[in-house]
Amino acid sequence: MEGKEAIIAKITENARLTADNIVRDAESERDAAVNAAKASAEKEAELKKAALSEECDRIVARKITLAGLEARKLILLEKQAVLSAAYEKAQQGLLKDEKRYAELMARLVENSAEQGDVLCVGEEDKGVLDGKWFSELAKKLSVKITLGKDTHKGRGVILKGNLSDKDLTVASVMRELRGRTESRAAEILFGDTDGSRQ
């Protein structure tokens, strides 16, 4: 039996060596798989971190852009308010000086009147643009117009014509004046041409 036991011992030894090799190979593969998984996880974490960082940068840039736009919008609104106040002050100054106001209305009528127009005076202007004012105006005109009994709300005059009416009210004249001069006024007040430079 010595031969049998030697064969069994040899088989057992070979089986143990094979098992040890299998275990060692399995442990080596496991370590390699763990290391690969760690490397992959680290790489994925880095990629996610970089993507997150880029997204944060985009969000911050977008917020900065929006804040800049909002600031420019607020500045523009303030400039518009200043311009509106300047035009309102000019209008009030004109309306306070009755003589100058009456002369302006007379010039506007002289430049706009057509034969047969009817002049309607604003309710608030009856004391300034009265019959005496109209008589003086009628002498200067090359066309014949009449002073109407109808009035309108507000300040200024309206010329009612056969084909069309001409709105020479203070509100209309100031709107037209502002449309023509606002760019220049912004340039004078703010040093820019569009009222938006900061």
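Residues numbered from 1 in each chain as written. Predicted model: local features only at pLDDT ≥ 70, side-chain atom pairs only at ≥ 80, totals over all residues. Heavy atoms only, no water.

J.: Where do I start with the packing of aromatic side chains in this structure?
T.: Each aromatic ring pair is characterised by the separation of its centres together with the angle its planes make. Per the counting criterion, the structure on display carries zero aromatic pairs. Its guanidinium or amino end placed over the ring of Y101, R155 lies 5.0 Å from that ring's centre, counting from NZ or CZ. (Phe/Tyr/Trp six-rings, centres within 6.5 Å; stacked < 30°, edge-to-face > 60°. Lys NZ or Arg CZ within 6 Å of the ring centre and 35° of its normal.)

J.: Even after reading the chapter, I still don't get the sheet that holds strand 2 (residues 146-152), so can you show me in this structure?
T.: Two orientations exist for strands paired in a sheet by backbone hydrogen bonds: parallel and antiparallel. Strand order in the open sheet made by the four strands is 2-1-3-4, with mixed pairing throughout. Both outer strands of the open sheet, strand 2 and strand 4 (165-169), are each paired with one neighbouring strand and no more. Shown here is a sheet whose adjacent strand axes are inclined to one another by a mean of 20 degrees, direction ignored. Looking at chain direction, strand 3 (residues 156-160) and strand 4 are connected through five bridges and run antiparallel. Residue G156 lies in a different strand from strand 4, and its bridge partner there is T169. Against the sheet, helix 3 (residues 131-140) engages strand 1 (118-122), strand 2 and strand 3, with an angle of about 135 degrees to strand 2. Of the strands in this sheet, strand 3 and strand 4 are in contact with helix 4 (residues 170-190), which crosses strand 4 at around 85 degrees. (Pairing = 2+ DSSP bridges. Helix = DSSP H or I, 4+ residues; strand = E, 2+ residues; numbered from the N terminus. Axes fitted to C-alpha atoms, helices over the stretch in contact; angles between N-to-C directions. Contact = heavy atoms within 4.5 Å.)

J.: Got a minute to help me understand the side chain of R155 in this structure?
T.: Tracing the sequence through the fold places R155 in the loop between strand 2 and strand 3. Among the polar contacts listed, one links the side chain of R155 to the side chain of D125, at a separation of 2.4 Å. (Polar contact = N/O pair within 3.5 Å; in protein donor to acceptor, adjacent residues only side chain to side chain.)

J.: Explanation requested: the packing of helix 1 (residues 2-96) against helix 4 in the structure shown.
T.: The packing of two helices is summarised by the inter-axis angle and the distance between the axes. For the pair helix 1 and helix 4, the least separation of the axes is 10 Å and the interaxial angle reads 130 degrees. One element, helix 1, and the other, helix 4, form an angle in the oblique class. When you trace helix 1 past helix 4, the crossing you get is right-handed. Taken together, the residues of helix 4 that come into contact with helix 1 (itself represented by K79, Q80, V82, L83, S84, Y87, Q91 and L95) are V170, M174, R178, T181, E182, A185, A186, L189 and F190. When grouped by side-chain class, the residues that make up the contact of helix 1 with helix 4 number 10 nonpolar, four polar and three charged. (Parallel < 35°, antiparallel > 145°, perpendicular 65-115°, else oblique. Left-handed = near helix turned anticlockwise from the far one by under 90°. Nonpolar A, V, L, I, M, F, W, Y, C, P; charged D, E, K, R; others polar.)

J.: How should I be thinking about helix 1 in this particular structure?
T.: Because each turn of an α-helix spans 3.6 residues, side chains separated by three or four positions end up pointing in the same direction. Relative to the 141 Å expected for 95 residues at 1.5 Å per residue, helix 1 spans 137 Å between its end C-alpha atoms, a close match to the ideal helical length. If you follow the buried residues of helix 1, they end up packed against helix 2 (98-112) and helix 4. (Expected span 1.5 Å × (residues − 1).)

J.: For this particular structure, what's the right way to read the pairing of strand 2?
T.: It is a general feature of regular strands that their side chains alternate between the two faces of the sheet. Relative to strand 2, strand 1 runs parallel, the two sharing four bridges. Residue pairing across strands places V118 opposite T146, the latter belonging to strand 2. Handedness of the β-α-β unit built from strand 1, helix 3 and strand 2 comes out right-handed. (Right-handed = clockwise from strand over helix to strand, strands pointing away.)

J.: Mind showing me how you'd approach the pattern of salt bridges here?
T.: Close approach of charged atoms allows side chains with opposite charge to pair. Applying the stated criterion across every chain, the model contains 13 salt bridges. Here R16 makes a salt bridge to E13, at a shortest N to O gap of 2.4 Å. Linking R16 with E13, this pair stays in helix 1, spanning three residues, or about one helical turn. A relative accessible area of 32% means that E13 is categorised as partly exposed. Between R16 and D20 there is a salt bridge whose closest N-O contact spans 3.1 Å. With R16 and D20 both in helix 1, this residue pair falls four residues apart, about one helical turn. Look at R16 and you get partly exposed, because its relative accessible area is 40%. A relative accessible area of 34% means that D20 is categorised as partly exposed. Taken together, the shared-partner salt bridges connect E13, R16 and D20 into one network. (Salt bridge = Lys/Arg side-chain N within 4 Å of Asp/Glu carboxyl O. Buried < 20%, exposed > 50% of the residue type's maximum accessible area, 1.4 Å probe, protein only.)

Everything listed here is a matter of geometry and, on its own, says nothing about what the molecule does.
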